[in-house]
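# Structural features, examined
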Amino acid sequence: MPQIKLADIATTAPKKADKEKTKEALKLIVEELDELQNLLYAEHKHSLLVVLQGMDASGKDGVIRDVFGTMNPMGVTVQPFKAPTELELDHDFLWRIHQHAPAKGMIQVFNRSHYEDVLVQRVHKWIDDDTAKKRFAAINGFEQLLEEHNNTHILKFYLHVSPGAQQARLEERTQDPRKMWKYNEKDFAEAKLFKTYWKMYEDVFRNCNKVPWIIVPSDHNWYKEFLIAQTVRDTLKSLKMKFPKLPQNKNNAEKKV
């Protein structure tokens, strides 16, 4: 995979993208996803893991709400990963992650993920580079395990937001009563480390790309959600799933009756 330089990648929707048409297309895709998720659950052969990574205020919550929010909750689960607890710190760094790997028939969404342990911990120098390299190898092995031994399909999205858009969204949390619950003073301090986070993300892209990363321009929520929904839809359709049929002997028995 060619080395990714985030500074060279656009964070905005293409100029030719039409906002209203894109939002209408998203509605149709979400309807398709509802049926595809039902099919995934019924066939019970595959699972899907969706990893959402990005800076604070990059819009992970909005993606979960607007792309996955209308699906049957029996078949979709969302797991956020925050600072590890004391119990989690007493285990290997993937212990808390593996417990939430998707079962067959399920869509699992990670709001942040195992990548936090090679991102935030490196930014704050809580682990050294040698430890990070070992963790890169462990992450690659973990994702390979899911793919090869549980038929899990993995989509890894990096929500690429600009420093300006991030700052505006963080400021909005101090003004909009509907978003004040998201306010965290630490987010402003983390935002000052933007360039360092980008550097660490680029290192992640370089070392953990056996499952490829999808860089999603995220300054415009409508475009970000469309791209993610479209990718999830296309992935599920590519599985060529079918609803299970009754066993042959069951069909014969009903015909005789």
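Let us look at the structure shown here. (Residues numbered from 1 in each chain as written. Predicted model: local features only at pLDDT ≥ 70, side-chain atom pairs only at ≥ 80, totals over all residues. Heavy atoms only, no water.)

### Section: the overall build of the protein
The following threshold applies: For helices the rule is a DSSP run of H or I covering at least 4 residues; for strands it is a run of E covering at least 2, with both sets numbered from the N terminus onward. Throughout, the radius of gyration refers to the C-alpha atoms, and the reference size of a globule is 2.2 Å times the residue count to the power 0.38. A 1.4 Å probe rolled over the protein chains alone gives each residue an accessible area, and that area as a share of the maximum for its type sets the label: buried under 20%, exposed over 50%, partly exposed in between. Only heavy atoms matter for contacts: two residues are in contact if any of them lie within 4.5 Å across the pair. Here the Shrake-Rupley method, with its probe set to 1.4 Å, supplies the accessible areas, and only the displayed protein chains count as covering residues. Residues counted as positive are Lys and Arg, residues counted as negative are Asp and Glu, and His and the chain ends are not counted. Taken as the charge centre is NZ of Lys, CZ of Arg, CG of Asp or CD of Glu, depending on the residue.
Across its full length, the protein holds eleven helices and five strands. Taking 2.2 N^0.38 as the reference for a compact globule, 257 residues should give roughly 18 Å; the C-alpha atoms of the protein span a radius of gyration of 20 Å, in line with that estimate. Classification of the 257 residues of the protein by burial places 47% in the buried group. Of the contacts formed within the protein by residues at least 6 apart in sequence, a portion of 82% connects residues at least 24 apart. Carbon and sulfur atoms provide 53% of the accessible area of the protein, an area that totals close to 14,300 Å². Across the protein, 40 positive and 36 negative side-chain charges occur, with their mean positions spaced 4 Å apart.

### Digging into the sheet that holds strand β4 (residues 152-160)
Condition: Any two strands with at least two DSSP bridges between them are considered paired. Under this scheme, a helix contributes an axis fitted over its contacting stretch, all axes are lines through C-alpha atoms, and angles between N-to-C directions fall in the 0 to 180 degree range.
Ordered by their spatial adjacency, five strands build an open sheet running β2-β3-β1-β4-β5, and the pairing between neighbours is parallel. Edge strands, defined here as strands with exactly one partner in the open sheet, are β2 (76-80) and β5 (213-217). Between one strand axis and the next, the sheet turns through 20° on average, direction left out of account. Judged from the five bridges that link them, β2 and strand β3 (residues 107-111) form a sheet pairing that is parallel. Along β3, the bridge assignment pairs V78 with V109. Here helix α9 (residues 194-207) sits on the sheet and contacts β1 (47-54), β4 and β5; the angle it forms with β4, its principal contact strand, is near 155°.

### A look at helix α1 (residues 19-43)
Just so we agree on the cut-off: How far a helix is expected to stretch is found by multiplying one less than its residue total by 1.5 Å. In protein, a polar contact requires one atom able to donate a hydrogen and another able to accept it; more generally it is a pair of N or O atoms within 3.5 Å, and residues adjacent in sequence count only if both atoms are side-chain atoms.
Its 25 residues give α1 an end-to-end C-alpha distance of 35 Å, which sits within 8% of 36 Å, the value for a rise of 1.5 Å per residue. Regarding α1, the residues found buried are T22, L26, I29, V30, L33, L36, Q37, L39, L40 and E43. Those residues of α1 hidden inside the fold are in contact with β1, α2 (60-68), β2, β3 and α10 (221-238). For α1, the N-terminal cap is D18; the gap from its side-chain oxygen to the backbone nitrogen of E20 is 3.2 Å. Where α1 ends, the next residue or the one after it, H44, has phi of about 65°, a positive value.

### What to know about the environment of L146
Within the secondary structure layout, L146 lies in helix α6 (residues 129-150). It is 10.0 Å that separates the C-alpha atoms of L146 and A103, two residues lying 43 residues apart in sequence. Not counting chain neighbours up to four residues away, the residues in contact with L146 comprise L49, H98, A101, N151, T152 and I154.

All quantities given are derived from atomic positions and should not be read as evidence of function.
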